[in-house]
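Descriptive analysis of the structure
Residues per chain, in single letters:
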Amino acid sequence: MTISMYQASIPVLVNRLNALSQVLAKAEENATARKIDPKVFLSARLAPDMLTLTQQVQIASDNAKGIASRLAGREIPSYEDNEASFAELQERIAKTVRYLESFAPADIDGSEERPVEMRLRGGPVTFTGQQYLLNFGMPNFYFHVVAAYAILRHNGVPLGKTDFIGAI
């Protein structure tokens, strides 16, 4: 049995975003319990040259909607990147999940060979849909979800692997 492009993308992205939502909920609860201003977590980063928690969540969202849109040949919706609270990040994740859930298997399946053109720092790059999904889109998405998790774990939020993995 083979796995479809839809199965390898949309349900995986939705699951990870839902898990990220739960991680953020735990972080907000932890900030309240420890009497830490939530902005401390939202502006935290792992290293001085890395992005903040808020930016990691925004980019994870951007990657998820970009993956689905590029594979389906749709325009990527633009979000403002103005979230300044856990509630606003939660709404962004929920909006992204709703967008992902608007895709049907027929929108994504068959995109293995569809050209995906992107402008990267080194210039324009063209992938096949499968190359893009497996070697660029998903690794970038996971990088930012993992960074968000690591920022919170580093700041003392009691998270474990099951929080990252989420519902199976």
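Shown above is the structure to which this text applies.
To start, this report covers the structure provided alongside it. What you are looking at is a predicted structure, and each value in this text was computed from that prediction instead of being measured.

Focus: the overall build of the protein
Along the backbone of the protein there are seven helices and two strands. Mapped in sequence order, the helices and strands of the protein form the string α-α-α-α-α-β-β-α-α. For 168 residues, the compact-globule estimate of 2.2 N^0.38 gives 15 Å, and the protein sits close to it at 16 Å. Along the longest, intermediate and shortest principal axes, the C-alpha atoms of the protein span 50 × 35 × 25 Å. Within the span of the protein, comprising 168 residues, buried residues form 44% of the whole. Taking the intrachain contacts of the protein between residues at least 6 apart in sequence as the baseline, contacts between residues at least 24 apart amount to 69%. For the protein, the exposed surface amounts to about 8,900 Å²; the carbon and sulfur share of it is 54%.

Brief notes about the side chain of Ser21
Tracing the backbone through its elements, the reader meets Ser21 in helix H1 (residues 5-33). Among the residues examined, Ser21 registers a relative accessible area of 15% and is labelled buried. Here the side chain of Ser21 touches Gln90 through a polar contact of 2.5 Å, side chain to side chain.

Things to note about unusual backbone geometry
Despite not being glycine, Lys35 has its phi angle at roughly 55°, a positive value. Summarising the element assignment, Lys35 is placed in the loop between H1 and helix H2 (38-42). One non-glycine residue, Asp81, lies in positive phi territory at about 60°. In this fold, Asp81 is placed in the loop between helix H3 (53-72) and helix H4 (86-100). Here Asp81 falls in the partly exposed class, since its relative accessible area comes to 39%.

Looking at empty space enclosed by the protein
For the coordinates displayed, the defined rule picks out one cavity of 30 Å³ or more. In this structure, the largest cavity encloses a volume near 30 Å³. Here the element with the most residues in the lining of the largest cavity is H1; it accounts for four residues. Tallied by class, the residues present in the lining of the largest cavity amount to six nonpolar, no polar and two charged.

Observations concerning the layout of surface pockets
Each pocket or cavity is described by its volume, and for the largest pocket that value is around 160 Å³. Contributing to the lining of the largest pocket are Asp62, Asn63, Arg70, Met118, Arg119, Leu120, Tyr132, Phe136, Gly137 and Asn140. The dominant element in the lining of the largest pocket, judged by the number of residues it contributes, is helix H6 (residues 129-154), at four residues. Within the lining of the largest pocket, the residues separate by chemical class into four nonpolar, three polar and three charged.

Definitions and cut-offs
- Residues numbered from 1 in each chain as written.
- Predicted model: local features only at pLDDT ≥ 70, side-chain atom pairs only at ≥ 80, totals over all residues.
- Heavy atoms only, no water.
- Helix = DSSP H or I, 4+ residues; strand = E, 2+ residues; numbered from the N terminus.
- Rg over C-alpha atoms; globule rule 2.2 N^0.38 Å.
- Buried < 20%, exposed > 50% of the residue type's maximum accessible area, 1.4 Å probe, protein only.
- Contact = heavy atoms within 4.5 Å.
- Areas by Shrake-Rupley, 256 points an atom, 1.4 Å probe, with all protein chains shown as cover.
- Polar contact = N/O pair within 3.5 Å; in protein donor to acceptor, adjacent residues only side chain to side chain.
- 1 Å grid on protein atoms, 1.4 Å probe; cavity = no way out; pocket = protein on both sides within 12 Å on 5 of 7 lines; lining within 4 Å.
- Points joined across faces, edges and corners; volume = space filled by probe spheres on them.
- Nonpolar A, V, L, I, M, F, W, Y, C, P; charged D, E, K, R; others polar.

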